[in-house]
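Chain by chain, the residues run as shown.
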Amino acid sequence: MNWITNYVRPRINSIFSRREVPENLWQKCSECGTMLFHRELSENQNVCTNCGHHMHITPRDRFAALFDGGVFTEVSVPEPIADPLKFRDQKKYPDRMKAAQKKTDEKEAMLVAAGEIGRTPIIAAAQDFSFMGGSMGMYVGNAIVAAAEEAVKLGRPLVLFSAAGGARMQEGILSLMQMPRTTVAVQMLKEANLPYIVVLTHPTTGGVTASYAMLGDVHISEPNALICFAGPRVIEQTIREKLPEGFQRAEYLLDHGMLDRVISRTKMRGELITIIRMLMGLPPQIVGDLPAPDASDEAANDAKDAAEAAAAES
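Visitor: How would you sum up helix α4 (residues 93-104)? Please name residues and give values.
Guide: The end-to-end C-alpha distance of α4, which contains 12 residues, comes to 17 Å, matching closely the 16 Å that a straight helix rising 1.5 Å per residue would cover. Considered for burial, the residues of α4 that qualify are Tyr93, Met97, Ala100 and Thr104. Projection of α4 onto a plane perpendicular to its axis shows the buried side chains occupying an angular sector of 65 degrees, all on one side. Opposite the buried face of α4, by more than 90 degrees, sit the exposed residues Lys98 and Lys102.

Visitor: Explain the nonpolar core to me, and be specific about the residues and the numbers.
Guide: Side chains of nonpolar character tend, in soluble globular proteins, to be buried together. Counting residues in each nonpolar core, the largest one holds 39 residues, and the members touching the most others are Met110, Val112, Tyr196 and Tyr212. Of all the secondary-structure elements, those providing two or more residues to this core are α4, β4 (110-117), β5 (120-127), α5 (138-154), β6 (158-164), α7 (178-191), β7 (196-204) and α9 (250-255). No other element matches the eight residues that α5 contributes to this core. The next biggest cluster of nonpolar side chains, apart from the first, holds 21 residues, and it includes Leu66, Ala124, Val159 and Ile276.

Visitor: Describe the pattern of salt bridges, and please don't skip the residues or the numbers.
Guide: As enumerated under the stated definition, the model contains 12 salt bridges in all. Arg60 is paired through a salt bridge with Glu106; the nearest N and O atoms lie 2.5 Å apart. Of this pair, Arg60 sits in helix α3 (residues 59-66) while Glu106 sits in the loop between α4 and β4, placing them 46 residues apart in sequence. Assessed through its relative accessible area of 30%, Arg60 is described here as partly exposed. With relative accessibility at 14%, the residue Glu106 sits in the buried group.

Visitor: If you had to explain the state of the cysteines to someone new, which residues and values would you point to?
Guide: Inspection of every chain in the model, using the stated rule, returns zero disulfides. Cysteine Cys48 remains unbridged, with the sulfur of Cys29 as its closest cysteine sulfur at 3.7 Å. Looking at Cys48, the relative accessible area reads 3%, which means it is buried. Between Cys51, a free cysteine, and Cys32, which holds the nearest cysteine sulfur, the sulfur-to-sulfur gap is 3.6 Å.

Visitor: Mind laying out helix α10 (residues 265-279), listing which residues take part and the relevant values?
Guide: For an α-helix, the turn length of 3.6 residues means that residues three or four places apart are oriented alike. End to end, α10 covers 21 Å across 15 residues, agreeing with the expected 21 Å (1.5 Å per residue, within 8%). Where α10 is concerned, the buried positions are Arg265, Met268, Leu272, Ile273, Ile275, Ile276 and Arg277. Here the buried face of α10 lies against α3, β4, β5, β6, β7 and β8 (218-221). Phi for Gly281, located one or two positions after α10, is positive at around 70 degrees.

Visitor: Mind laying out the packing of α5 against α7, listing which residues take part and the relevant values?
Guide: The interhelical angle for the contact between α5 and α7, taken along N-to-C directions, is 10 degrees, at an axis separation of 9 Å. Relative to α7, the element α5 is oriented roughly parallel. Of the residues in α7, those touching α5 at Met138, Gly141, Asn142, Ile144, Val145, Ala148, Glu149, Ala151 and Val152 are Gln178, Arg181, Thr182, Ala185, Met188 and Leu189. For the contact of α5 with α7, a count of residues per class yields nine nonpolar, four polar and two charged.

Visitor: Account for the sheet that holds β7, with residues named and values stated.
Guide: Sheets are built from strands that pair by backbone hydrogen bonding, the pairs being arranged parallel or antiparallel. Here seven strands make up an open sheet; going across it, the order is β3-β4-β5-β6-β7-β8-β9 and the pairing mixed. Two strands close off the open sheet at either side, each with one partner strand: β3 (72-74) and β9 (261-262). The pairing of β5 with β6 spans four bridges and is classified as parallel. The residue of β6 that forms the bridge with Ala125 is Leu160.

Visitor: Describe the confidence of the model for the protein chain, listing the residues and the values that go with them.
Guide: Summarising the model, the protein chain shows a mean pLDDT of 89, and 86% of its residues fall at 70 or more. Taking the mean pLDDT of every element in the protein chain, the minimum, 61, falls on helix α1 (residues 3-17) and the maximum, 98, on β8.

Definitions and limits used
Residues numbered from 1 in each chain as written. Predicted model: local features only at pLDDT ≥ 70, side-chain atom pairs only at ≥ 80, totals over all residues. Heavy atoms only, no water. Helix = DSSP H or I, 4+ residues; strand = E, 2+ residues; numbered from the N terminus. Expected span 1.5 Å × (residues − 1). Buried < 20%, exposed > 50% of the residue type's maximum accessible area, 1.4 Å probe, protein only. Arc of directions from axis to C-beta. Core = buried A, V, L, I, M, F, W, Y, C linked by side-chain atoms within 4.5 Å. Salt bridge = Lys/Arg side-chain N within 4 Å of Asp/Glu carboxyl O. Disulfide = S-S within 2.5 Å. Contact = heavy atoms within 4.5 Å. Axes fitted to C-alpha atoms, helices over the stretch in contact; angles between N-to-C directions. Parallel < 35°, antiparallel > 145°, perpendicular 65-115°, else oblique. Nonpolar A, V, L, I, M, F, W, Y, C, P; charged D, E, K, R; others polar. Pairing = 2+ DSSP bridges. pLDDT = per-residue confidence, 0-100.

Have a look at this one:
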């Protein structure tokens, strides 16, 4: 026995016997525990094919499924002050931002885009809960104002997908001031007689629920989404009473008049097209087009028309 037998041979065997398995090939549903093939899950917009549980989806993936052909143009958002309060807890605020940007490949917690849905031009904005809990900071406020201004300028409706844990504490009062700012932005849409549709996704909580998320002309939610200002655990500890089953979930709020619809993500696009075109006074959506006429058939029809015209003259 020597170092070749003890080290080299096992090392060579481990290298040549190693099998590369792609990462994220399967994902486990957090609701029913079913192992789902990643491609199948992506094609179903991150909705479990077994139990219908709605998992997290990024704004870009959501827009790819929402807009016609997955084509959209990003709307530029003014950059706020990077670290206005020089805030630091366990980490510096700029370090937390860099970590969130690296994790999500996004600049901030909201994406604003322009495009067509069912051939109807719209402006859409979506929050990303994976970016610091989708927290509402100055950038999110700027994004909603920019979306409203673009919608008014182009005469388009605004569709907003909310997902947030509340205000961003690292920006203090500057974060809380986004509540009245976004309320003014929504008022701009109302004065321009443009529809403002809010789709509440899991979770939508805190100051977001107390401002732009509940000011829409129509409120739609994904199934079983948590929608509240304060969470159920905090409320139970405050009032010292047991809350009803499903309290603050989308279906409960629908039954009590806070929502207009609860729609599955896979059916959301069709529902939005119908509502938008109705509110804009447009005819129903064109589902399909007739194929373009064949060139040879068109030429034959022209020749036939010319022959008939010549016969009529003679």
